[in-house]
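# Observations on the three-dimensional arrangement
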Amino acid sequence: MSVLLFSGTLFLFLSRVVAYNIIREYAGSTFFDRWDFYGGLDNLTLGNVTWVSRSDATSQSLAYVNSEGHVIIKVDNTTNVPSGQNRNSVRITTQDTYDLGSLWIIDLNHIPFGCSVWPAFWSFGPNWPDDGEIDIIEAINMMTNNQMAIHTTPGCTHSDNVDQLGVTGSTIDCSLAPGCVVTEISPNSYQTSFSEAGGGVWATQFDSSGIFIWFWSRPDIPPSITQATSTSSINISQWGTPHASYFSATCNISQFFTPQNLVLDITLCGDWAGVPSIYESTCANSGPTGLCYDDCVVGPGSPRFDNAYFDISYIRTYTSASVVPSTTQISTSPNFRAASGQRTAL
Ligand SMILES: *[C@@H]1O[C@H](CO)[C@@H](O)[C@H](O)[C@H]1NC(C)=O
Ligand SMILES: *[C@@H]1O[C@H](CO)[C@@H](O)[C@H](O)[C@H]1NC(C)=O
Ligand SMILES: *[C@@H]1O[C@H](CO)[C@@H](O)[C@H](O)[C@H]1NC(C)=O
Ligand SMILES: *[C@@H]1O[C@H](CO)[C@@H](O)[C@H](O)[C@H]1NC(C)=O
Ligand SMILES: *[C@@H]1O[C@H](CO)[C@@H](O)[C@H](O)[C@H]1NC(C)=O
(Lines give C-alpha, C1' and ligand atoms only; values in the text may rest on other atoms or scores of the structure.)
(Ligands and ions follow the chains in the order given, each with its own letter.)
Protein backbone atom coordinates (compact mmCIF):
# COMPACT_ATOMS: atom_id res chain seq x y z
CA MET A 1 0.00 0.00 0.00
CA SER A 2 1.27 3.44 -0.77
CA VAL A 3 -0.04 6.83 0.07
CA LEU A 4 -0.41 10.00 -1.93
CA LEU A 5 -0.91 13.17 0.00
CA PHE A 6 -2.47 16.12 -1.72
CA SER A 7 -4.85 18.94 -0.96
CA GLY A 8 -4.67 17.85 2.64
CA THR A 9 -6.35 14.54 1.76
CA LEU A 10 -5.04 11.01 1.99
CA PHE A 11 -5.62 8.73 -0.95
CA LEU A 12 -4.84 5.06 -0.54
CA PHE A 13 -3.70 3.02 -3.51
CA LEU A 14 -4.34 -0.61 -2.71
CA SER A 15 -3.71 -2.19 -6.07
CA ARG A 16 -1.41 -1.87 -9.04
CA VAL A 17 -1.46 1.12 -11.32
CA VAL A 18 -4.08 0.78 -14.04
CA ALA A 19 -4.48 4.31 -15.33
CA TYR A 20 -1.98 6.02 -17.59
CA ASN A 21 -1.84 9.40 -19.25
CA ILE A 22 -0.37 9.71 -22.70
CA ILE A 23 3.06 11.28 -23.10
CA ARG A 24 3.22 11.21 -26.89
CA GLU A 25 2.36 9.35 -30.06
CA TYR A 26 4.94 8.54 -32.72
CA ALA A 27 3.04 8.09 -35.98
CA GLY A 28 2.63 9.19 -39.55
CA SER A 29 4.58 12.00 -41.14
CA THR A 30 6.16 13.17 -37.86
CA PHE A 31 7.16 9.68 -36.67
CA PHE A 32 10.88 10.00 -37.43
CA ASP A 33 11.28 13.49 -35.96
CA ARG A 34 11.96 12.23 -32.44
CA TRP A 35 14.25 9.30 -33.32
CA ASP A 36 17.99 9.21 -34.04
CA PHE A 37 19.30 7.08 -36.89
CA TYR A 38 22.30 5.01 -35.87
CA GLY A 39 24.42 5.64 -38.96
CA GLY A 40 27.13 2.97 -38.58
CA LEU A 41 28.08 -0.67 -38.55
CA ASP A 42 26.24 -3.16 -36.36
CA ASN A 43 28.84 -3.44 -33.60
CA LEU A 44 26.14 -4.58 -31.19
CA THR A 45 24.86 -7.86 -32.59
CA LEU A 46 27.60 -8.12 -35.25
CA GLY A 47 25.22 -8.46 -38.16
CA ASN A 48 26.30 -7.98 -41.78
CA VAL A 49 24.53 -4.65 -42.14
CA THR A 50 25.28 -0.97 -42.20
CA TRP A 51 22.65 0.94 -40.27
CA VAL A 52 22.33 4.02 -42.42
CA SER A 53 21.95 7.70 -41.55
CA ARG A 54 18.61 9.45 -41.78
CA SER A 55 19.48 11.06 -45.11
CA ASP A 56 20.56 7.73 -46.60
CA ALA A 57 17.52 5.96 -45.19
CA THR A 58 15.32 8.59 -46.77
CA SER A 59 17.04 8.70 -50.16
CA GLN A 60 17.18 4.89 -50.36
CA SER A 61 13.55 4.54 -49.18
CA LEU A 62 14.52 2.43 -46.18
CA ALA A 63 12.53 4.60 -43.74
CA TYR A 64 9.40 6.39 -44.91
CA VAL A 65 5.69 6.86 -44.41
CA ASN A 66 3.54 5.08 -46.99
CA SER A 67 0.34 6.22 -48.65
CA GLU A 68 -1.72 4.70 -45.83
CA GLY A 69 0.18 6.78 -43.28
CA HIS A 70 2.03 3.74 -41.94
CA VAL A 71 5.69 3.93 -40.97
CA ILE A 72 7.92 1.60 -43.01
CA ILE A 73 11.42 0.62 -41.82
CA LYS A 74 13.17 -1.92 -44.00
CA VAL A 75 16.24 -3.75 -45.24
CA ASP A 76 17.55 -2.74 -48.66
CA ASN A 77 15.98 -5.15 -51.17
CA THR A 78 17.05 -3.33 -54.32
CA THR A 79 20.87 -3.62 -54.20
CA ASN A 80 22.90 -6.53 -55.58
CA VAL A 81 25.44 -6.77 -52.71
CA PRO A 82 28.91 -8.07 -53.69
CA SER A 83 30.66 -10.62 -51.49
CA GLY A 84 32.56 -8.93 -48.65
CA GLN A 85 30.13 -6.05 -48.26
CA ASN A 86 27.26 -5.28 -45.94
CA ARG A 87 23.63 -4.75 -46.86
CA ASN A 88 21.97 -1.51 -45.73
CA SER A 89 19.35 -1.51 -43.01
CA VAL A 90 18.00 0.79 -40.30
CA ARG A 91 18.36 1.18 -36.56
CA ILE A 92 16.61 4.07 -34.80
CA THR A 93 16.49 5.11 -31.14
CA THR A 94 14.07 7.48 -29.42
CA GLN A 95 15.40 10.83 -28.32
CA ASP A 96 13.02 10.52 -25.36
CA THR A 97 13.96 8.36 -22.39
CA TYR A 98 11.29 6.64 -20.31
CA ASP A 99 11.48 6.20 -16.57
CA LEU A 100 9.84 3.64 -14.31
CA GLY A 101 6.11 4.25 -14.32
CA SER A 102 5.85 4.32 -18.09
CA LEU A 103 3.88 2.20 -20.55
CA TRP A 104 4.69 1.69 -24.24
CA ILE A 105 2.21 0.47 -26.87
CA ILE A 106 3.16 -0.44 -30.43
CA ASP A 107 0.65 -1.28 -33.17
CA LEU A 108 2.14 -3.03 -36.21
CA ASN A 109 0.85 -4.59 -39.41
CA HIS A 110 4.01 -6.40 -40.44
CA ILE A 111 7.26 -7.50 -38.76
CA PRO A 112 10.45 -8.32 -40.73
CA PHE A 113 11.15 -12.00 -41.29
CA GLY A 114 13.05 -14.33 -43.59
CA CYS A 115 16.32 -16.29 -43.51
CA SER A 116 19.10 -14.09 -41.99
CA VAL A 117 16.59 -11.44 -40.86
CA TRP A 118 16.71 -10.39 -37.20
CA PRO A 119 14.29 -7.60 -36.23
CA ALA A 120 13.83 -6.16 -32.77
CA PHE A 121 11.74 -3.64 -30.87
CA TRP A 122 13.54 -3.17 -27.58
CA SER A 123 14.76 -0.73 -24.95
CA PHE A 124 18.03 -0.03 -23.21
CA GLY A 125 19.64 2.43 -20.78
CA PRO A 126 22.46 4.77 -21.81
CA ASN A 127 25.23 2.50 -20.46
CA TRP A 128 24.37 -0.68 -22.36
CA PRO A 129 24.12 -3.40 -21.15
CA ASP A 130 24.58 -2.32 -17.51
CA ASP A 131 21.42 -0.21 -17.43
CA GLY A 132 19.13 -3.08 -18.40
CA GLU A 133 17.57 -4.15 -21.68
CA ILE A 134 13.99 -5.13 -22.46
CA ASP A 135 13.33 -7.08 -25.65
CA ILE A 136 9.67 -6.76 -26.57
CA ILE A 137 9.62 -8.03 -30.16
CA GLU A 138 12.54 -10.18 -31.26
CA ALA A 139 12.81 -13.19 -33.55
CA ILE A 140 15.11 -14.54 -36.25
CA ASN A 141 15.09 -16.41 -39.54
CA MET A 142 12.00 -18.59 -39.96
CA MET A 143 10.99 -18.77 -36.29
CA THR A 144 7.24 -18.85 -35.92
CA ASN A 145 6.83 -17.17 -32.54
CA ASN A 146 7.99 -13.95 -30.94
CA GLN A 147 10.34 -14.09 -28.00
CA MET A 148 10.57 -11.58 -25.13
CA ALA A 149 13.55 -11.14 -22.79
CA ILE A 150 15.26 -8.94 -20.24
CA HIS A 151 19.02 -8.55 -19.84
CA THR A 152 20.66 -7.21 -16.67
CA THR A 153 23.84 -7.24 -14.62
CA PRO A 154 24.16 -10.15 -12.10
CA GLY A 155 21.56 -10.39 -9.34
CA CYS A 156 18.32 -10.47 -11.31
CA THR A 157 16.53 -13.74 -11.98
CA HIS A 158 13.27 -14.90 -13.49
CA SER A 159 11.07 -17.74 -12.39
CA ASP A 160 9.17 -20.25 -14.47
CA ASN A 161 6.46 -20.19 -11.86
CA VAL A 162 4.94 -16.76 -12.37
CA ASP A 163 1.64 -15.38 -13.56
CA GLN A 164 2.31 -15.12 -17.30
CA LEU A 165 0.98 -16.74 -20.48
CA GLY A 166 4.35 -17.24 -22.19
CA VAL A 167 6.90 -19.94 -21.41
CA THR A 168 10.05 -19.11 -19.44
CA GLY A 169 13.29 -20.20 -21.12
CA SER A 170 15.96 -22.40 -19.61
CA THR A 171 18.16 -19.51 -18.43
CA ILE A 172 16.78 -17.81 -15.34
CA ASP A 173 19.87 -15.71 -14.54
CA CYS A 174 19.16 -12.57 -16.57
CA SER A 175 22.87 -11.63 -16.69
CA LEU A 176 23.75 -14.65 -18.84
CA ALA A 177 23.94 -14.25 -22.61
CA PRO A 178 20.46 -15.38 -23.63
CA GLY A 179 18.87 -13.15 -21.00
CA CYS A 180 15.64 -14.19 -19.31
CA VAL A 181 13.62 -15.30 -22.29
CA VAL A 182 9.87 -15.83 -22.40
CA THR A 183 8.59 -17.50 -25.56
CA GLU A 184 5.24 -16.35 -26.87
CA ILE A 185 2.80 -19.22 -27.26
CA SER A 186 -0.27 -17.33 -28.42
CA PRO A 187 -0.75 -17.81 -32.17
CA ASN A 188 0.23 -15.29 -34.86
CA SER A 189 2.98 -13.44 -32.98
CA TYR A 190 5.51 -13.56 -35.86
CA GLN A 191 6.11 -14.23 -39.54
CA THR A 192 3.41 -14.57 -42.19
CA SER A 193 0.70 -15.50 -39.72
CA PHE A 194 1.24 -12.23 -37.83
CA SER A 195 0.46 -10.06 -40.84
CA GLU A 196 -2.18 -12.44 -42.22
CA ALA A 197 -4.10 -11.99 -38.98
CA GLY A 198 -3.92 -8.24 -39.54
CA GLY A 199 -0.91 -7.59 -37.34
CA GLY A 200 -1.22 -6.85 -33.65
CA VAL A 201 -0.22 -4.86 -30.61
CA TRP A 202 2.38 -5.18 -27.86
CA ALA A 203 2.20 -3.27 -24.59
CA THR A 204 5.04 -3.01 -22.08
CA GLN A 205 4.55 -1.82 -18.51
CA PHE A 206 7.88 -0.63 -17.07
CA ASP A 207 7.20 -0.38 -13.37
CA SER A 208 9.09 -0.66 -10.10
CA SER A 209 6.84 -3.63 -9.28
CA GLY A 210 7.96 -5.44 -12.42
CA ILE A 211 8.16 -5.43 -16.20
CA PHE A 212 5.05 -6.82 -17.88
CA ILE A 213 4.54 -7.43 -21.60
CA TRP A 214 1.26 -8.21 -23.40
CA PHE A 215 0.67 -9.27 -27.01
CA TRP A 216 -2.63 -9.33 -28.88
CA SER A 217 -3.18 -10.47 -32.43
CA ARG A 218 -5.39 -7.95 -34.27
CA PRO A 219 -8.76 -9.64 -33.54
CA ASP A 220 -7.97 -9.84 -29.81
CA ILE A 221 -6.87 -6.27 -29.10
CA PRO A 222 -8.86 -5.02 -26.09
CA PRO A 223 -11.31 -2.10 -26.44
CA SER A 224 -9.16 0.06 -24.15
CA ILE A 225 -6.59 0.07 -26.97
CA THR A 226 -8.80 -0.02 -30.07
CA GLN A 227 -10.80 2.92 -28.71
CA ALA A 228 -7.77 4.93 -27.58
CA THR A 229 -6.67 7.98 -29.52
CA SER A 230 -3.36 9.79 -29.86
CA THR A 231 -4.33 12.03 -26.95
CA SER A 232 -6.44 9.87 -24.65
CA SER A 233 -5.42 8.25 -21.39
CA ILE A 234 -5.70 4.51 -20.98
CA ASN A 235 -6.97 2.12 -18.31
CA ILE A 236 -5.26 -1.26 -18.42
CA SER A 237 -7.34 -3.02 -15.77
CA GLN A 238 -9.02 -5.33 -18.31
CA TRP A 239 -5.85 -6.52 -20.02
CA GLY A 240 -5.63 -9.79 -18.15
CA THR A 241 -2.54 -11.85 -17.51
CA PRO A 242 0.65 -10.54 -19.14
CA HIS A 243 2.43 -12.75 -21.65
CA ALA A 244 5.76 -12.10 -19.89
CA SER A 245 5.95 -11.08 -16.22
CA TYR A 246 9.24 -10.08 -14.62
CA PHE A 247 8.32 -9.40 -11.01
CA SER A 248 10.49 -7.27 -8.75
CA ALA A 249 10.42 -10.08 -6.19
CA THR A 250 13.26 -11.79 -8.10
CA CYS A 251 14.57 -8.82 -10.08
CA ASN A 252 14.58 -5.43 -8.38
CA ILE A 253 13.59 -3.38 -11.41
CA SER A 254 14.53 -0.04 -9.78
CA GLN A 255 18.01 -1.40 -9.19
CA PHE A 256 18.68 -3.09 -12.53
CA PHE A 257 17.02 -0.66 -14.94
CA THR A 258 17.65 3.02 -15.53
CA PRO A 259 15.39 5.15 -17.77
CA GLN A 260 15.12 3.47 -21.16
CA ASN A 261 15.28 4.54 -24.80
CA LEU A 262 13.18 2.61 -27.30
CA VAL A 263 14.86 1.07 -30.35
CA LEU A 264 13.66 -0.40 -33.64
CA ASP A 265 16.22 -2.21 -35.74
CA ILE A 266 16.75 -4.92 -38.31
CA THR A 267 20.06 -6.72 -38.62
CA LEU A 268 21.12 -9.69 -40.75
CA CYS A 269 22.90 -12.85 -39.54
CA GLY A 270 25.08 -11.70 -36.61
CA ASP A 271 25.56 -13.37 -33.26
CA TRP A 272 22.12 -14.95 -33.06
CA ALA A 273 20.53 -15.36 -36.51
CA GLY A 274 23.89 -16.13 -38.14
CA VAL A 275 25.24 -18.74 -35.73
CA PRO A 276 25.54 -21.79 -38.03
CA SER A 277 23.68 -24.27 -35.82
CA ILE A 278 20.90 -21.76 -35.17
CA TYR A 279 20.70 -20.59 -38.77
CA GLU A 280 20.50 -24.18 -40.00
CA SER A 281 17.63 -25.02 -37.69
CA THR A 282 15.15 -23.09 -39.86
CA CYS A 283 17.13 -22.07 -42.98
CA ALA A 284 19.41 -24.99 -43.86
CA ASN A 285 17.95 -25.36 -47.35
CA SER A 286 17.64 -21.70 -48.12
CA GLY A 287 20.70 -21.51 -50.40
CA PRO A 288 23.61 -23.47 -51.90
CA THR A 289 26.18 -22.92 -49.11
CA GLY A 290 24.01 -23.23 -46.01
CA LEU A 291 25.80 -20.14 -44.66
CA CYS A 292 23.83 -17.13 -43.53
CA TYR A 293 25.99 -14.39 -45.07
CA ASP A 294 26.81 -16.16 -48.34
CA ASP A 295 23.31 -17.39 -49.08
CA CYS A 296 21.35 -14.35 -47.95
CA VAL A 297 23.20 -11.07 -47.60
CA VAL A 298 25.21 -11.39 -50.81
CA GLY A 299 23.36 -11.10 -54.09
CA PRO A 300 20.10 -9.52 -55.20
CA GLY A 301 17.91 -8.17 -52.44
CA SER A 302 14.66 -9.28 -53.97
CA PRO A 303 12.77 -11.49 -53.37
CA ARG A 304 15.02 -12.51 -50.43
CA PHE A 305 14.29 -9.37 -48.38
CA ASP A 306 10.82 -8.45 -49.62
CA ASN A 307 9.39 -9.33 -46.19
CA ALA A 308 12.17 -7.65 -44.22
CA TYR A 309 10.19 -4.60 -43.17
CA PHE A 310 8.30 -3.13 -40.22
CA ASP A 311 4.91 -1.60 -41.00
CA ILE A 312 3.90 0.41 -37.93
CA SER A 313 0.64 2.24 -37.30
CA TYR A 314 1.84 3.96 -34.13
CA ILE A 315 3.87 3.83 -30.96
CA ARG A 316 2.26 5.52 -27.96
CA THR A 317 3.99 6.19 -24.66
CA TYR A 318 2.26 6.78 -21.35
CA THR A 319 3.08 7.60 -17.76
CA SER A 320 1.35 6.73 -14.53
CA ALA A 321 2.78 9.84 -12.89
CA SER A 322 0.35 12.30 -14.41
CA VAL A 323 -2.61 10.15 -13.43
CA VAL A 324 -2.78 12.13 -10.23
CA PRO A 325 -4.71 15.39 -10.57
CA SER A 326 -2.72 17.98 -12.43
CA THR A 327 -2.83 20.55 -9.64
CA THR A 328 0.41 21.82 -8.21
CA GLN A 329 0.44 20.20 -4.76
CA ILE A 330 1.06 16.75 -6.16
CA SER A 331 4.54 16.54 -7.50
CA THR A 332 6.18 17.48 -4.22
CA SER A 333 4.90 14.41 -2.41
CA PRO A 334 7.86 12.24 -1.43
CA ASN A 335 5.68 9.18 -1.85
CA PHE A 336 4.68 10.14 -5.34
CA ARG A 337 6.72 7.52 -7.17
CA ALA A 338 5.58 4.83 -4.80
CA ALA A 339 2.18 5.03 -6.45
CA SER A 340 3.62 3.07 -9.34
CA GLY A 341 5.19 0.49 -7.08
CA GLN A 342 2.15 -1.56 -6.26
CA ARG A 343 0.91 -4.57 -8.11
CA THR A 344 -1.35 -7.31 -6.96
CA ALA A 345 -1.96 -10.60 -8.71
CA LEU A 346 -4.07 -10.09 -11.78
C1 LIG B 1 -10.25 1.39 -14.64
O2 LIG B 1 -11.27 0.53 -15.11
C3 LIG B 1 -11.84 -0.27 -14.09
C4 LIG B 1 -12.76 -1.28 -14.75
O5 LIG B 1 -13.59 -0.65 -15.67
C6 LIG B 1 -12.54 0.63 -13.11
O7 LIG B 1 -13.09 -0.15 -12.06
C8 LIG B 1 -11.52 1.59 -12.51
O9 LIG B 1 -12.19 2.53 -11.68
C10 LIG B 1 -10.79 2.35 -13.61
N11 LIG B 1 -9.72 3.10 -12.98
C12 LIG B 1 -9.45 4.36 -13.29
C13 LIG B 1 -8.36 5.01 -12.52
O14 LIG B 1 -10.05 4.95 -14.18
C1 LIG C 1 29.64 0.88 -31.30
O2 LIG C 1 30.16 2.01 -31.97
C3 LIG C 1 29.74 3.23 -31.41
C4 LIG C 1 30.16 4.35 -32.34
O5 LIG C 1 31.46 4.18 -32.77
C6 LIG C 1 30.35 3.34 -30.02
O7 LIG C 1 29.97 4.55 -29.41
C8 LIG C 1 29.87 2.18 -29.18
O9 LIG C 1 30.49 2.21 -27.92
C10 LIG C 1 30.13 0.87 -29.86
N11 LIG C 1 29.42 -0.17 -29.13
C12 LIG C 1 29.96 -1.34 -28.88
C13 LIG C 1 29.08 -2.32 -28.14
O14 LIG C 1 31.07 -1.64 -29.21
C1 LIG D 1 29.50 -11.10 -41.44
O2 LIG D 1 29.41 -11.12 -40.02
C3 LIG D 1 30.22 -12.07 -39.37
C4 LIG D 1 29.99 -11.92 -37.87
O5 LIG D 1 28.66 -12.08 -37.57
C6 LIG D 1 31.68 -11.82 -39.67
O7 LIG D 1 32.45 -12.83 -39.11
C8 LIG D 1 31.88 -11.74 -41.17
O9 LIG D 1 33.20 -11.35 -41.40
C10 LIG D 1 30.93 -10.77 -41.80
N11 LIG D 1 31.11 -10.80 -43.24
C12 LIG D 1 31.42 -9.71 -43.91
C13 LIG D 1 31.67 -9.90 -45.36
O14 LIG D 1 31.50 -8.61 -43.39
C1 LIG E 1 15.54 -2.06 -4.96
O2 LIG E 1 16.46 -1.13 -5.54
C3 LIG E 1 16.24 0.19 -5.07
C4 LIG E 1 17.16 1.08 -5.90
O5 LIG E 1 18.46 0.59 -5.87
C6 LIG E 1 16.51 0.24 -3.58
O7 LIG E 1 16.26 1.56 -3.11
C8 LIG E 1 15.56 -0.74 -2.87
O9 LIG E 1 15.86 -0.79 -1.51
C10 LIG E 1 15.70 -2.13 -3.46
N11 LIG E 1 14.66 -2.98 -2.91
C12 LIG E 1 14.93 -4.15 -2.37
C13 LIG E 1 13.76 -4.92 -1.87
O14 LIG E 1 16.08 -4.57 -2.31
C1 LIG F 1 11.15 -4.76 -52.06
O2 LIG F 1 10.20 -5.17 -51.11
C3 LIG F 1 8.99 -4.46 -51.19
C4 LIG F 1 8.15 -4.89 -50.02
O5 LIG F 1 8.84 -4.60 -48.86
C6 LIG F 1 8.32 -4.71 -52.50
O7 LIG F 1 7.13 -3.95 -52.59
C8 LIG F 1 9.26 -4.35 -53.61
O9 LIG F 1 8.70 -4.77 -54.85
C10 LIG F 1 10.62 -4.98 -53.45
N11 LIG F 1 11.56 -4.32 -54.35
C12 LIG F 1 12.04 -4.92 -55.39
C13 LIG F 1 13.03 -4.19 -56.23
O14 LIG F 1 11.70 -6.01 -55.69
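Residues numbered from 1 in each chain as written. Chains lettered and ligands numbered in written order. Predicted model: local features only at pLDDT ≥ 70, side-chain atom pairs only at ≥ 80, totals over all residues.

Looking up the protein chain in an unreviewed UniProt entry gives the name Glycoside hydrolase family 16 protein, with the organism given as Paxillus rubicundulus Ve08.2h10.

### Quick look at unusual backbone geometry
Where we set the bar: Helix and strand assignments come from DSSP, with helices taken as H or I runs of at least 4 residues and strands as E runs of at least 2, each series counted from the N terminus. With C-beta atoms placed from the backbone, a residue is buried if 20 or more other C-beta atoms are within 10 Å of its own, exposed if 12 or fewer are, and partly exposed between those counts.
Of the consecutive residues W128 and P129, the connecting peptide bond is found in the cis state with omega at 0°. For the peptide bond that leads from S302 to P303, omega is 10°, which places it in the cis range. Its location among the elements puts P303 in the loop between α7 (292-297) and β22 (309-319). A positive phi angle is found at Q191, which is not glycine, with a value near 65°. Here Q191 shows up in helix α2 (residues 191-196). Its 20 C-beta neighbours within 10 Å are what place Q191 among the buried residues.

### Some words on the site of ligand 1
For clarity, the cut-off: Any residue qualifies as near a molecule or strand once its backbone-derived C-beta atom lies within 6 Å of it. Three categories are distinguished: nonpolar for Ala, Val, Leu, Ile, Met, Phe, Trp, Tyr, Cys and Pro, charged for Asp, Glu, Lys and Arg, and polar for the others, with Gly belonging to the last.
Around ligand 1, the neighbouring residues are V18, A19, N235 and S237. Residues of the shell around ligand 1, tallied by class, amount to two nonpolar, two polar and no charged.

### Description of the pairing of strand β16 (residues 180-183)
Selection criterion: One requirement defines pairing of two strands: DSSP has to find at least two bridges between them.
Relative to β16, strand β14 (residues 147-151) runs antiparallel, the two sharing four bridges. Bridging from a neighbouring strand, A149 pairs with V181 of β16. Sheet topology note: the strand β15 (residues 167-168)/β16 ladder contains two bridges and is antiparallel. In the strand pairing of β16, T168 is matched with V182.

### Brief notes about the confidence of the model for the protein chain
Spelled out, the test is: Scored between 0 and 100, pLDDT is the confidence that the predictor attaches to each residue. Residue pairs qualify as contacts under a 7 Å threshold applied to their C-beta atoms, which are placed from the backbone.
Of the residues in the protein chain, 88% reach a pLDDT of 70 or more, and the chain-wide mean stands at 89. Low confidence marks residues 1-15, where pLDDT is under 50. Its contacts with residues over four positions away, or in another chain, come to 31 contacts. This model gives residues 322-346 a pLDDT under 50, and the stretch forms 52 contacts once residues within four places in sequence are excluded.

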